[in-house]
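The lines below spell out each chain.
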Amino acid sequence: MESQEENITQKEAQERAAHFSSIHYKLKIYLVKKSKTYEGELDVLFGFKKSPSGGEYVFFDAVCKDVHSLVVNGKNVPSEGNFRNNRIYIDPALLNDGDANLIHIKFTNLYTNTGDGFHHFLDPEDDQEYLYTNFEPFYCHRWFPCFDQPDLKALFSLGTLDFSPFIFPFSKYPIYFKEHGKIFIIFSHLN
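Here the structure is a predicted model, which means the values were calculated and not measured.

J.: Hey, could you go over the environment of Lys36 for me, with residue numbers and the actual values?
T.: Turning to its location among the elements, Lys36 is positioned in the loop between β1 (20–30) and β2 (37–48). Linking Lys36 and Thr112, residues 76 residues apart in sequence, is a C-alpha distance of 8.8 Å. Discounting chain neighbours no more than four positions away, the residues touching Lys36 are Asn109, Leu110 and Tyr111.

Following this line, the structure appears as structure tokens:
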């Protein structure tokens, strides 16, 4: 459940930047017309440099309604207890030293109406539904779990189910593919 937001401290950001590299987010969003929530599946691939002392838990920034599953390098990790204070904590002992780490997160989140995160607006004039994001500093994690700090650059792939009522104005060349009987749209890498 969502709790009071904790901002990342400068020390936490410096420590995280020293340990993470080659980050790639692969995000699938499941959109349902006129819903108050959306579902997401996120794969995060990254390099990790272990601390000689082992260190404390590392974390993703995450304002989510719920985290349904958390898989770290193929190992199921209970989200209960590891998702708190708008962070998803990962034991560094589960991470590989080097470039071969994969974390899979399934989550549910509420649309926002403040303009931060994943904004949802139903226009009473034309009865159309509008969705957009606003990624000013420290707002990306309101849409999906991530390392939300500007010095940790990443590749970003976005996909969604093919709902013909939705219009995606930001991509000229989407890639369509079928997975588990569902058609997805993947937009080219954004960085």
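J.: Just give me the short version of the sheet that holds strand β3 (residues 58–61), but keep the residues and values in it.
T.: The pairing of strands in a sheet comes from backbone hydrogen bonds and takes either a parallel or an antiparallel form. Within the open sheet, the three strands sit side by side as β3-β7-β6. Their pairing is antiparallel. With partners counted over all chains shown, the strands left at the sheet margins are β3 and β6 (83–84), one partner each. Where β3 meets strand β7 (residues 87–90), four bridges bridge the pair, whose relative direction is antiparallel. By the bridge assignment for β7, Phe59 is matched with Tyr89.

J.: Which residues make up the side chain of Ser35, and what values go with them?
T.: Mapped onto the elements, Ser35 comes out in the loop between β1 and β2. Exposure remark for Ser35: the relative accessible area of 19% places this residue in the buried category. Among the polar contacts listed, one links the side chain of Ser35 to the backbone oxygen of Thr37, at a separation of 2.9 Å. Apart from residues lying up to four places away in sequence, Ser35 is in contact with Tyr111, His120 and Glu129.

J.: Break down the pairing of strand β10 (residues 129–134) for me, citing the residues and quoting the values.
T.: Across six bridges, the pairing between strand β9 (residues 117–122) and β10 is antiparallel. Note on β10: the bridge partner recorded for Phe121 is Tyr130. In this antiparallel pair of consecutive strands, β9 and β10, the connection spans six residues, and Asp127 shows a positive phi of 55 degrees.

J.: Talk me through the environment of Glu39; I want residue IDs and the actual numbers.
T.: One can find Glu39 in strand β2. Distance in space between the C-alpha atoms of Glu39 and Asn109 is 6.5 Å, their sequence separation being 70 residues. When near neighbours in sequence (up to four residues on either side) are disregarded, Glu39 contacts Lys28, Ile29, Tyr30, His68, Phe107 and Thr108. Here the side chain of Glu39 touches Thr108 through a polar contact of 2.9 Å, side chain to side chain.

Basis of the calculations
Residues numbered from 1 in each chain as written. Predicted model: local features only at pLDDT ≥ 70, side-chain atom pairs only at ≥ 80, totals over all residues. Heavy atoms only, no water. Helix = DSSP H or I, 4+ residues; strand = E, 2+ residues; numbered from the N terminus. Contact = heavy atoms within 4.5 Å. Pairing = 2+ DSSP bridges. Buried < 20%, exposed > 50% of the residue type's maximum accessible area, 1.4 Å probe, protein only. Polar contact = N/O pair within 3.5 Å; in protein donor to acceptor, adjacent residues only side chain to side chain.

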